[in-house]
Amino acid sequence: MLRLVIKEGELPGLRVAEVAETLSISESELFVMLKSSNDAIFRKLKIANAFWTDGEFFSFKSIAGLIQVSPDFELEIVPKFLSENDQWRSEFLFLLSSYRWSAFFPDRQVKYGLSVESSINDIMASIFLSMFDEAHHLPIRTYTRKEIDGFELEGELEEESIFFPVQDGFRQYDTRLSKENPYNYVIASAARILQRDSQNYELKMSLGKTLSVLGPQVVTTNSVPRFVPPRYSKWEKLFQLSLGVIEGRGVDYSDPDGLTGPGYIVRTADAWEDFVYSVLCESLSPYSVSFKESFTFGSRFQTCTGKKRNLMVTPDYFIRSEAHSPCAADAKYKFANDGALSVSNADVYECCAFMEASDSRRIVLIYPGADPHVPCREFNTVAIPEGTIHAVKINTKISRGEGSWHALCDAVKEYFETLDPVDIYR
């Protein structure tokens, strides 16, 4: 399996001839595969022209993630602000995949491995369901000896109960081939954990159906098996994944070890916008944070018809508090390298319109960053007659547990509290 890594929107990108030679196919066959992947992405996420090529090179823009291009070729598209040697990049993509601007591709399976860190449960659930769909046609059944009471003879009769029957009948022992066993118990336990933690309604429903297929499971022993019987080898990968879920482990596609699951693609700019909204809502809990609230900036007058309508502008977020002046904020995904990072003239003009229409004296532009030691830092300010534009970067290395998420939110809260009180306070 060939896996190539490319940065989102990177130009010139990967060389067509080299990739085709590595796969032992023609360039035209490679283009057919890439176009098929682009068509699949468009159907799922409605992104036109994500695939770019000039005939010699190819790249993908406005998306990030991992997708199978062919049975022998996987393409990993890394967000443009991350470096290709960042092993934690998968966790950030997993995080973004929990938002509405992402899609899974069950028909385009990619390789995964288990990680010592827990990660976003929707990814785990998708992989779990994909593996279960492959294996459930041959259910795991073992012989189970049960003690039953009844007047109908169904099993081996206990002799003493003939003379001294219990209230419910004769004591009997029955040996049956049953789905109730330690192996299914482990798989069902993992399904319950994923169902509890998943944020996706469809995944929750599918996991519920999985539990009903497995049937009731009752633990009968304190020892948990580590492998399934050889005759049920199709279940082995799912069983090992289930053990990982129970132990609090996650998945990692940086070091695949044979697990397969659906590929996924994220609309990066839109997912970033939703992610920033989550951070602001968590960080500024005493405040009111609105999303996509429109303000009247002016009016349009159609001379020939005499019709007049308002001209609206819409910042991504607007922050209010009884004790503070209103503050606009906007998520920004496009930027240059750190050395030349600054607010573009086009963004300055847009901010002027936002502040004038919303009657605010401040706007905060929020960019993605990757500095694990500084969760939130300001890198540029622009003073204009309407007020002040603040440009900040927030750290995206936040998916390793609750502590890092809270650290990011605390840093964002502290930043907003330390803004110049002349503009922010009444």
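The rules we used
Residues numbered from 1 in each chain as written. Predicted model: local features only at pLDDT ≥ 70, side-chain atom pairs only at ≥ 80, totals over all residues. Heavy atoms only, no water. Helix = DSSP H or I, 4+ residues; strand = E, 2+ residues; numbered from the N terminus. Buried < 20%, exposed > 50% of the residue type's maximum accessible area, 1.4 Å probe, protein only. Contact = heavy atoms within 4.5 Å. Areas by Shrake-Rupley, 256 points an atom, 1.4 Å probe, with all protein chains shown as cover. Axes fitted to C-alpha atoms, helices over the stretch in contact; angles between N-to-C directions. Parallel < 35°, antiparallel > 145°, perpendicular 65-115°, else oblique. Left-handed = near helix turned anticlockwise from the far one by under 90°. Nonpolar A, V, L, I, M, F, W, Y, C, P; charged D, E, K, R; others polar. Pairing = 2+ DSSP bridges. Expected span 1.5 Å × (residues − 1). Arc of directions from axis to C-beta. Core = buried A, V, L, I, M, F, W, Y, C linked by side-chain atoms within 4.5 Å. Phe/Tyr/Trp six-rings, centres within 6.5 Å; stacked < 30°, edge-to-face > 60°. Lys NZ or Arg CZ within 6 Å of the ring centre and 35° of its normal. Salt bridge = Lys/Arg side-chain N within 4 Å of Asp/Glu carboxyl O.

Chemist: Describe the overall build of the protein, and please don't skip the residues or the numbers.
Modeler: Counting its regular elements, the protein contains twelve helices and 20 strands. Residue burial in the protein is summarised as follows: out of 426 residues, 48% are buried. Pairs at least 24 residues apart make up 71% of the contacts formed inside the protein by residues separated by at least 6 positions. If you sum the accessible surface of the protein, you get close to 21,600 Å²; carbon and sulfur atoms cover 50% of it.

Chemist: Give a detailed account of the packing of helix H6 (residues 182–197) against helix H7 (residues 201–214), specifying residues and quantitative values.
Modeler: What describes two packed helices is the angle between their axes and the distance between those same axes. Close contact between H6 and H7 brings their axes to 9 Å; oriented N to C, the two are set at 160°. Between H6 and H7, the angle is such that the two are roughly antiparallel. Relative to H7, H6 is oriented so that their crossing is left-handed. Residue-level contacts link Asn184, Ile187, Ala188, Ala191, Arg192, Leu194, Gln195 and Arg196 of H6 to Lys204, Leu207, Gly208, Leu211 and Leu214 of H7. Among the residues forming the contact of H6 with H7, the class breakdown is seven nonpolar, three polar and three charged.

Chemist: Any chance you could break down the sheet that holds strand E3 (residues 51–53) for me, citing the residues and the numbers?
Modeler: Strand order in the open sheet made by the three strands is E2-E4-E3, with antiparallel pairing throughout. The two strands at the open ends of the sheet, each matched to only one other strand, are strand E2 (14–15) and E3. In this sheet, strand E4 (residues 57–60) lies alongside E2 in antiparallel orientation, the contact comprising two bridges. What sits directly across from Leu14, in E4, is Phe58.

Chemist: Report on helix H2 (residues 27–45), specifying residues and quantitative values.
Modeler: Spanning 19 residues, H2 covers 27 Å between terminal C-alpha atoms, matching the ideal 27 Å at 1.5 Å per step. Considered for burial, the residues of H2 that qualify are Leu30, Leu34, Ser37, Asn38, Ala40, Ile41 and Leu45. Angularly, the buried residues of H2 cover 160° about the axis, an arc narrow enough to put them on a single face. Set apart from the buried face of H2 by more than 90 degrees, the exposed residues are Val32 and Arg43. Downstream of H2 by one or two residues, Lys46 has phi in the positive range, about 60°.

Chemist: Give a detailed account of the nonpolar core, specifying residues and quantitative values.
Modeler: Core analysis: the biggest nonpolar cluster contains 71 residues, and Phe128, Trp235, Trp272, Leu280, Ile394 and Phe416 have the highest contact counts within it. If we ignore the near neighbours within four places in the chain, the residues touching Trp235 are Phe132, Ala135, His136, Leu138, Pro139, Ile140, Ile187 and Val228. The next biggest cluster of nonpolar side chains, apart from the first, holds 26 residues, and it includes Leu23, Leu34, Phe51 and Phe58.

Chemist: Which residues make up the packing of aromatic side chains, and what values go with them?
Modeler: Under the definition given, this model contains eleven aromatic pairs. Centroid distance Trp272 to Phe275: 5.4 Å. Interplanar angle 40°. Geometry classified as tilted. Residue Trp272 and its partner Phe275 are located together in helix H9 (residues 268–283), separated by three residues, close to a single helical turn. With respect to class, Trp272 is no different from Phe275; both count as buried. Centre to centre, the rings of Tyr415 and Phe416 are 5.7 Å apart; their planes meet at 85°, and the pair counts as edge-to-face. The ring of Phe42 carries the charged tip of Lys46 above its face, separated from the ring centre by 5.6 Å.

Chemist: Break down the pattern of salt bridges for me, with residues and values.
Modeler: For the structure shown, the criterion picks out twelve salt bridges. Of the charged contacts in the structure, one is a salt bridge between Arg15 and Glu18, with a shortest N-O distance of 3.6 Å. Of the residues examined, Glu18 reaches a relative accessible area of 48% and is grouped as partly exposed. One network of salt bridges, in which partners are shared, links Asp330, Lys332, Asp347 and Glu350.

Chemist: Provide a residue-level description of the sheet that holds strand E13 (residues 288–291), including the pertinent values.
Modeler: Whether parallel or antiparallel, the strands of a sheet pair through hydrogen bonds between backbone atoms. What the six strands build is an open sheet, ordered E13-E16-E17-E18-E20-E19; its pairing is mixed. Both outer strands of the open sheet, E13 and strand E19 (376–384), are each paired with one neighbouring strand and no more. Pairs of neighbouring strands in the sheet enclose a mean axial angle of 25°, with direction left out of account. The sheet contact formed by strand E18 (residues 362–369) and strand E20 (residues 387–395) spans eight bridges and is parallel.

None of the figures reported here should be taken as evidence of function without further support.
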